[in-house]
Amino acid sequence: MRKILIIGIGAGNPEHITIQAINALQRVAVLFITDKGADKDELARLRRDICARYVPDGRHRTVEIADPARDRNPSDYRAAVETWHQQRANLYEDLIAKQLGADECGAFLVWGDPSLYDSTIRIIAEIAARGSVAIEYEVIPGITSIQALTARHGIPLNQIGEPVQITTGRRLAEDSMGPASDVVVMLDGDCAFNTVPDDAAVEIYWGAYLGTPDEILLSGKLRDTAAAIERTRADARRRKGWIMDTYLLRKPAAPRR
Ligand SMILES: C[S@@+](CC[C@H](N)C(=O)[O-])C[C@H]1O[C@@H](n2cnc3c(N)ncnc32)[C@H](O)[C@@H]1O
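Not measured: the values here are computed from a predicted model. (Residues numbered from 1 in each chain as written. Predicted model: local features only at pLDDT ≥ 70, side-chain atom pairs only at ≥ 80, totals over all residues. Heavy atoms only, no water.)

Draft legend 1. Representation of the overall build of the protein within the structure. Counting its regular elements, the protein contains seven helices and ten strands. For 257 residues, the compact-globule formula gives about 18 Å, and the C-alpha radius of gyration of the protein, at 20 Å, lands near that figure. For the protein, the spread of C-alpha atoms along the three principal axes comes to 60 × 45 × 40 Å. Every one of the 257 residues in the protein was classed for burial, and the buried ones make up 46%. In the protein, the proportion of contacts linking residues at least 24 apart, taken out of those at least 6 apart, comes to 73%. Side-chain charges in the protein split into 33 positive and 36 negative, and the spacing between the mean points of these groups amounts to 1 Å. (Helix = DSSP H or I, 4+ residues; strand = E, 2+ residues; numbered from the N terminus. Rg over C-alpha atoms; globule rule 2.2 N^0.38 Å. Buried < 20%, exposed > 50% of the residue type's maximum accessible area, 1.4 Å probe, protein only. Contact = heavy atoms within 4.5 Å. Lys, Arg positive; Asp, Glu negative; His and termini not counted. Charge placed at Lys NZ, Arg CZ, Asp CG, Glu CD.)

Written out as structure tokens, the structure reads:
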């Protein structure tokens, strides 16, 4: 049966790749590389560097996949994402059938860890469930951008015995921090930290291009640091043409009765 490996490659630093991932890469006959568009050329290059470092030369074929275009401002966000997933499932299914031999092993390299804000597992699981092309799949975990963020700031992710919420910029803008004391925000194109009600206790730990030579770290009280982060982010984005940033908002956890 065809085997698909979904391999987490870490969030930017090629040294964050695990030994399990390196061993998995040795088994691969076909690497399926998804193209994120011209503005993310540098990400494609980082991915290629990882392959060059860890995938033995000449033992695999590479298949580039141009992802279907996605509506970025749909009226129904969930429905638009669902349609996009179906289109990708059709495309991936077709490529797996045509490009991977019946007993060969193929791999999708996923930024960070495949379980976190990434649809590859869902799409491959959908293809497996359809059964038109018989596949089995395995997930190899990777270092997430959240781990890269907390490690570089030298902080624990959680306060003692406290939960941590992981959300998107869109949802932070809608829900704010609520009762949560620790909120990790990803996929934020609009500096949604500016929507958090003013509170002297809230701190922010921000990181962009984590793990790469262009990494930028800023931290401090949100009310004192927000403007500097917004400025730094805009400058970096202008300079490089793209940005990936993640941050943790933290306030002291309320005492429990
Ligand atoms: C589609 S999600 C993928 C997350 C990924 N699977 C992970 O484990 O980190 C993309 C978001 O991850 C965050 N991200 C990924 N890599 C990053 C990096 N090197 N530096 C800062 N943020 C990063 C950003 O919030 C970005 O918008």
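Draft legend 2. Molecular detail of the site of the ligand. Lining the immediate surroundings of the ligand are 16 residues, of which Ala11, Asp113, Ser145, Asp245 and Thr246 lie closest. Note that an oxygen atom of the ligand is positioned 2.8 Å from one of the backbone N or O atoms of Asp113. A distance of 2.8 Å separates a nitrogen atom of the ligand from a polar atom in the backbone of Leu116. For the ligand, whose accessible area on its own is 570 Å², the fraction buried by protein is 90%. Residues of the shell around the ligand, tallied by class, amount to nine nonpolar, five polar and two charged. (Near = heavy atom within 4 Å. Polar contact = N/O pair within 3.5 Å; in protein donor to acceptor, adjacent residues only side chain to side chain. Areas by Shrake-Rupley, 256 points an atom, 1.4 Å probe, with all protein chains shown as cover. Nonpolar A, V, L, I, M, F, W, Y, C, P; charged D, E, K, R; others polar.)

Draft legend 3. Seen up close, the pattern of salt bridges. Throughout the structure, instances matching the rule amount to 15 salt bridges. Note that Glu215 is salt-bridged to Arg152, the shortest N-O span being 2.6 Å. With Glu215 in the loop between β8 (203–208) and β9 (216–221) and Arg152 in helix α5 (residues 145–153), the pair connects residues that are 63 residues apart, well separated along the chain. Its relative accessible area of 48% is what places Arg152 among the partly exposed residues. The closest approach of N and O atoms between Asp235 and Arg238, which form a salt bridge, is 3.2 Å. Pair noted here: Asp235 and Arg238 are both in helix α7 (residues 222–240), with a separation of three residues, about one helical turn. (Salt bridge = Lys/Arg side-chain N within 4 Å of Asp/Glu carboxyl O.)

Draft legend 4. A look at the pairing of β8. The buried fraction of β8 is high, at five of six residues. Here β8 pairs with β9 via six bridges, running antiparallel. Along β9, the bridge assignment pairs Trp206 with Leu218. Note: β8 against strand β10 (residues 245–250), six bridges, orientation antiparallel. Pairing of Ile204 across the sheet is with Leu249, part of β10. (Pairing = 2+ DSSP bridges.)

Draft legend 5. Structural view of the side chain of Ser119. Within the secondary structure, Ser119 sits in the loop between β4 (105–110) and α4 (120–130). A distance of 2.6 Å separates polar atoms of two side chains, one belonging to Ser119 and the other to Arg88. Not counting residues up to four positions away in its chain, the partners in contact with Ser119 are Trp84, His85 and Arg88.

Draft legend 6. Summary view of the environment of Pro156. Its place among the elements puts Pro156 in the loop between α5 and β6 (165–168). For Pro156, a relative accessible area of 52% puts it in the exposed group. Taking the C-alpha atoms as reference, Pro156 lies 44 Å from Ala97; in sequence the two are 59 residues apart.

Draft legend 7. View of the side chain of Thr225. Among the structural elements, Thr225 can be located in helix α7. Setting aside chain neighbours within four positions, we find Thr225 in contact with Ile204, Ser219 and Gly220.

Draft legend 8. Region of the structure containing the sheet that holds strand β7 (residues 182–186). Here we have five strands laid out as an open sheet, ordered β6-β7-β10-β8-β9, and mixed in their pairing. Two strands close off the open sheet at either side, each with one partner strand: β6 and β9. Along the sheet, successive strands turn relative to each other by an average axial angle of 15°, direction set aside. Here α5 sits on the sheet in contact with β6, β7, β8, β9 and β10, set at roughly 115° to β8. Of the strands in this sheet, β8, β9 and β10 touch α7, which is tilted by about 160° from β9. (Axes fitted to C-alpha atoms, helices over the stretch in contact; angles between N-to-C directions.)

Draft legend 9. Quick look at the packing of aromatic side chains. Applying the stated criterion across every chain, the model contains four aromatic pairs. Ring centres 5.0 Å apart and planes at 15° place the aromatic pair Phe32 and Phe108 in the stacked group. You can see Phe32 sitting in strand β2 (residues 30–35) and its partner Phe108 sitting in strand β4, a full 76 residues away along the chain. For Phe32, a relative accessible area of 2% translates into the label buried. Here Phe108 falls in the buried class, since its relative accessible area comes to 3%. Between the aromatic rings of Tyr92 and Phe108, the centroid separation amounts to 5.0 Å while the plane-to-plane angle is 25°, which identifies the pairing as stacked. Of this pair, Tyr92 sits in helix α3 (residues 77–99) while Phe108 sits in strand β4, placing them 16 residues apart in sequence. Cluster of aromatic residues (ring-pair linked, three or more members): Phe32, Tyr92 and Phe108. One cation-aromatic arrangement involves Arg88 over Trp84; the distance from NZ or CZ to the ring centre is 4.3 Å. Above the plane of the ring of Tyr77 lies Arg170, whose end atom (NZ or CZ) is 4.0 Å from the centre. (Phe/Tyr/Trp six-rings, centres within 6.5 Å; stacked < 30°, edge-to-face > 60°. Lys NZ or Arg CZ within 6 Å of the ring centre and 35° of its normal.)

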